[in-house]
Amino acid sequence: MATQKHSPAIKGAKVLMVGAGGIGCELLKTLALSGFQDIHIIDMDTIEVSNLNRQFLFRQSHVGQSKAKVARDAVLKFRPHISITPYHANVKDPNFNVEFFKEFNVVLNGLDNLDARRHVNRLCLAADVPLIESGTTGFLGQVTVHVKGRTECYECQPKPAPKTYPVCTITSTPSKFVHCIVWAKELLFAKLFGDKSQANDLNVRSSDGASSSEQAEDVFEHRKDEDIEQYGRKIYDHVFGYNIEVALSNEETWKNRNRPKPIYSKDAMPNDISQQNGNVEKNGATNDLSSVSAMASLGLKNPQDVWSLMENSRVFLEALKLFFMKRGKEIGNMTFDKDDQLAVEFVTAAANIRATAFGIPLHSLFEAKGIAGNIVHAVATTNAIIAGLIVIETIKVLQNDTKNYRMTYCLEHPTKKMLLMPVEPFEPNKSCYVCSETPLSLEINTNRAKLRDIVEKIVKAKLGMNFPIIMHGLALLYEVGEDLDEVMKKNYAANLDKVLCEFPSPVTSGTMLSIEDLQQELSCNINIKHREEFDEEKEPDGMVLSGWTEATSVVKDDKKSNANAGSTSSASQLEAEKNNEIESGTGKKRKLSEVSEAVNPDISSVAGDTRSQGKLEVLDDDEDDIFMFDDWESATNKKKRLQ
């Protein structure tokens, strides 16, 4: 409970919470018990069974209902006289604009993805409202304070780039189970059930690339009169048999590697077995498509069992059949979701069959789901600690107690007899393009690249803008919005496919583009520098953005680093949005050496006095359970490290 001297600041405050999950449940309870009277909650999620072990405001009967609304009802039972306003919506919806954010004294984030966090950070800056960020992963957690002009904003420091793997490793030479998961999730699943127009590196390139590609197109197309069982076997034989035989044809590749063994459906699962392959009717009684399960059809019950090759083959074919028979309307628009049981079953089976072919140990569905969904199981106690720390910082912010603001790290093991490590916040980063409006620089071939490349690869993917406006001087090149008439929409759509140098006001070397997002009230400038050639492996986007706070290196499976975060296709990336990285600064009382030594006493053994150049990586997974480790098998040894 808050002390008496804090009461006026608390009772008069209007607080916005974004997220009502693991941290959110604890936070709402703690706010209510601390005397806060006016709380608003935004969360677009509904309650799932997997939430119930730590999101204590929810019960079995609440599954499928709005998290924000159920959390409100639960807290009002023991604090009936306070005001809690729930919004079952996406915080990026247009109605949650800058004017909406200005209504609040402080914003408390409990989000689970980088894109939404950036969005809230920008709205808080535009509205001049303090933001308190938080995150947990297992026993680790952190709380950070962001006040415009006084501390760094959420985007002042780099966030780790997604873990990537070389395309050739994924498609041709996997050596770890995670490689098989990436292949099954990002390539095969996307090829069969995702956007057909997207490029896909699924097919191994043979010496006769044209014929291979041509055959691949025929294989993956499901004809209307084609029996689904035969279609499934055709896919199976192509990806686990033919493609591996193509890979084997390159003798040079296998000189120092174990040769894989192609697997065909007739060998893994004879016809008489496949004809008994499942009872679709076991899934037919429900209208809930999310409950459709190949395991249920086949009578497989324990997700911690490691299936045999035959069982994996049966699950593979049964899952594919169920997608086409029960969820056919979704095909062509699907992306992998760790909470989609049928998708997890399909990916697990496909990864295990591929692992068998390459002599890699098999994994259970439980283990495979953890890898595919980047899961680190949450700890309710950590969420409770972090929620308490958020409220402490909230009270300081409301009292304008700037000298006592703290960024606090929750550690797994006591260090210097401390489990909580408070440190002073950083000052704003003068080179941050979000809060300091520092111009960015983009190297690009202006004679070949199109405006679409800048919009998709830079403005949306890297800068995280949702409704961008792009101007060259007084010329408006691109705009999106519901208020545009059809003629304008067509003109801007046509502009997307124009080469940069072919605009009436050509975009060439030395051009300054102005980019603005009206919803986020964020604007920045990009200096264009023409560059003729790019390294396809190291710079696959065909452009290089400088001045953008991105991780300086990406650890790849071959142990090499890449300063431009990308010698692979986007299809081979595992999501790592839920982690946060804090980099050392200058001119502050908080020293990286002090923090890093406290977090990891062994850090002093690093050769040379290089600590001030390092980066302290603090896991940040928010309410649930997602973080991508460089090496899943050694995850427990990498919860904190100095790079």
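Residues numbered from 1 in each chain as written. Predicted model: local features only at pLDDT ≥ 70, side-chain atom pairs only at ≥ 80, totals over all residues. Heavy atoms only, no water.

S.K.: I would appreciate a short explanation of the pairing of strand 10 (residues 440-444) in the present structure.
M.R.: Burial of strand 10 is extensive: 4 of the 5 residues sit out of reach of the surface. Summarising the sheet, strand 10 and strand 14 (residues 522-530) pair through 5 bridges and their orientation is parallel. Looking at strand 14, one finds that Leu 440 is bridged to Ile 526. One ladder, built from 4 bridges, connects strand 10 with strand 15 (residues 543-546); its direction is antiparallel. Looking at the pairing, Glu 443 lines up with Val 544 of strand 15. (Buried < 20%, exposed > 50% of the residue type's maximum accessible area, 1.4 Å probe, protein only. Helix = DSSP H or I, 4+ residues; strand = E, 2+ residues; numbered from the N terminus. Pairing = 2+ DSSP bridges.)

S.K.: Could you clarify how one ought to interpret the nonpolar core in this entry?
M.R.: Nonpolar side chains tend toward joint burial in soluble globular proteins. Trp 183, Leu 188, Phe 189, Leu 192, Phe 240, Phe 316 and Phe 346 are the most contacted members of the largest nonpolar core, which totals 59 residues. Put simply, the parts of the chain that give this core at least two residues each are helix 7 (177-193), helix 8 (209-220), helix 9 (228-248), helix 12 (294-298), helix 13 (309-326), helix 14 (341-357) and helix 15 (365-372). Here this core takes 12 residues from helix 7, the largest share from any one element. Core analysis: the next-biggest nonpolar cluster, separate from the first, contains 40 residues, Cys 25, Ile 41, Val 70 and Val 143 among them. (Core = buried A, V, L, I, M, F, W, Y, C linked by side-chain atoms within 4.5 Å.)

S.K.: Looking at this model, I keep getting lost on helix 9. Mind explaining?
M.R.: In an α-helix, one turn spans 3.6 residues; hence positions three or four apart end up facing the same way. Here helix 9 spans 29 Å end to end across 21 residues, near enough to the 30 Å set by a 1.5 Å rise per residue. Taken across its 21 residues, helix 9 has 16 buried, putting it largely inside the fold. Taking the backbone nitrogen of Glu 229 as reference, a side-chain oxygen 3.0 Å away marks Asp 227 as the first, capping residue of helix 9. (Expected span 1.5 Å × (residues − 1). Polar contact = N/O pair within 3.5 Å; in protein donor to acceptor, adjacent residues only side chain to side chain.)

S.K.: Explain the packing of aromatic side chains to me, please; I cannot follow it from the model alone.
M.R.: Geometry of an aromatic ring pair is reported as the spacing of the ring centres plus the angle between the planes. One pass over the structure, following the stated rule, counts 19 aromatic pairs. With centroids separated by 5.7 Å and ring planes inclined at 55°, the aromatic side chains of Trp 183 and Phe 240 adopt a geometry described as tilted. With Trp 183 in helix 7 and Phe 240 in helix 9, this residue pair connects regions lying 57 residues apart in the sequence. With a centroid separation of 5.7 Å and an interplanar angle of 85°, the aromatic rings of Tyr 236 and Phe 316 are classed as edge-to-face. Residue Tyr 236 is located in helix 9, and its partner Phe 316 is located in helix 13; the two are separated by 80 residues in the primary sequence. As far as burial versus exposure is concerned, Tyr 236 and Phe 316 are alike and both buried. Members of the aromatic cluster, joined through ring pairs, are Trp 183, Phe 189, Phe 193, Tyr 231, Tyr 236, Phe 240, Phe 316, Phe 323, Phe 324, Phe 336 and Phe 346. In this structure, Lys 14 is placed above the aromatic ring of Phe 104, and the distance from its NZ or CZ to the ring centre is 5.2 Å. Lying over the aromatic face of Phe 220, Lys 191 brings its terminal NZ or CZ to 5.3 Å of the ring centre. (Phe/Tyr/Trp six-rings, centres within 6.5 Å; stacked < 30°, edge-to-face > 60°. Lys NZ or Arg CZ within 6 Å of the ring centre and 35° of its normal.)

S.K.: Help me out: how do you make sense of a nonpolar patch on the surface in this one?
M.R.: A cluster of nonpolar side chains, namely Ile 385, Leu 419 and Leu 420, defines an oily patch on the protein surface of about 220 Å² accessible area. Relative to the elements of secondary structure, Leu 420 occurs in strand 9 (residues 418-423). (Patch = residues over 30% accessible without salt bridge, like charges linked within 9 Å, V, L, I, M, F, W, Y side chains within 5 Å. Areas by Shrake-Rupley, 256 points an atom, 1.4 Å probe, with all protein chains shown as cover. Salt bridge = Lys/Arg side-chain N within 4 Å of Asp/Glu carboxyl O.)

S.K.: Would you mind going over the environment of Glu 103 with me for this structure?
M.R.: Positionally, Glu 103 belongs in the loop between helix 4 (98-101) and strand 4 (106-109). Residue classification places Glu 103 among the partly exposed positions, given a relative accessible area of 43%. In the structure, Glu 103 is positioned 24 residues away from Ala 127 in sequence and 8.9 Å away in space, judged by C-alpha atoms. A polar atom in the side chain of Glu 103 sits 3.3 Å from the side chain of Lys 14.

S.K.: Explanation requested: the side chain of Gln 157 in the structure shown.
M.R.: Mapping Gln 157 onto the fold places it in the loop between strand 6 (140-146) and strand 7 (163-164). The class for Gln 157 is buried, based on a relative accessible area of 8%. A polar side-chain atom of Gln 157 sits 3.3 Å from a polar atom in the side chain of Glu 152.

S.K.: Before we go on, may I ask you to explain helix 2 (residues 22-33) in this structure?
M.R.: Between its first and last C-alpha atoms helix 2 spans 17 Å; for 12 residues at 1.5 Å apiece the expected length is 16 Å, and the two agree. Among the 12 residues of helix 2, 10 are classified as buried, and the element is accordingly described as predominantly covered. Within helix 2, burial applies to Gly 22, Ile 23, Gly 24, Cys 25, Glu 26, Leu 27, Leu 28, Thr 30, Leu 31 and Ala 32. Taken from the residues just after helix 2, Gly 35 is the one with a positive phi, measuring 105°.

S.K.: Would you take a moment to explain the sheet that holds strand 14 for this structure?
M.R.: Pairing is mixed across the open sheet formed by 6 strands, whose spatial order is 12-11-13-14-10-15. Of all strands in the sheet, those with a lone pairing partner are strand 12 (475-479) and strand 15, marking the two edges. Looking at each pair of strands side by side, their axes are set apart by 25° on average, direction ignored. (Axes fitted to C-alpha atoms, helices over the stretch in contact; angles between N-to-C directions.)

S.K.: So what exactly am I meant to see when it comes to the pattern of salt bridges here?
M.R.: Close approach of charged atoms allows side chains of opposite charge to pair. Applying the stated criterion across every chain yields a total of 25 salt bridges. Note that Asp 267 and Lys 266 form a salt bridge whose closest N and O atoms lie 3.4 Å from each other. A salt bridge links Lys 338 to Asp 339, with the shortest nitrogen-to-oxygen separation between them at 3.6 Å. Taking relative accessible area as the criterion, Lys 338 reaches 18% and is therefore assigned buried.

S.K.: Explain the sheet that holds strand 1 (residues 14-18) to me, please; I cannot follow it from the model alone.
M.R.: Within a beta sheet, neighbouring strands are joined by backbone hydrogen bonds and run either parallel or antiparallel to one another. Overall, mixed pairing links the 8 strands, which are arranged 3-2-1-4-5-6-8-9 in an open sheet. Edge strands, defined here as strands with exactly one partner in the open sheet, are strand 3 (83-87) and strand 9. Pairwise comparison of adjacent strand axes, ignoring direction, gives a mean angle of 20° for this sheet. Running over the sheet, helix 2 touches strand 1, strand 2 (38-42), strand 3, strand 4 and strand 5 (131-137) and is turned about 165° from strand 1. Together, strand 2 and strand 3 form the strand contacts of helix 3 (residues 67-76), whose direction differs from that of strand 3 by roughly 165°. (Contact = heavy atoms within 4.5 Å.)

S.K.: What am I meant to see in the confidence of the model for the protein here?
M.R.: As a note on interpretation, predicted positions should not be read in detail where pLDDT is low. The predicted model of the protein has a mean per-residue pLDDT of 79, with 76% of residues at 70 or higher. Between residues 204-216, whose pLDDT stays under 50, and residues either more than four places distant or in other chains, the model counts 14 contacts. (pLDDT = per-residue confidence, 0-100.)

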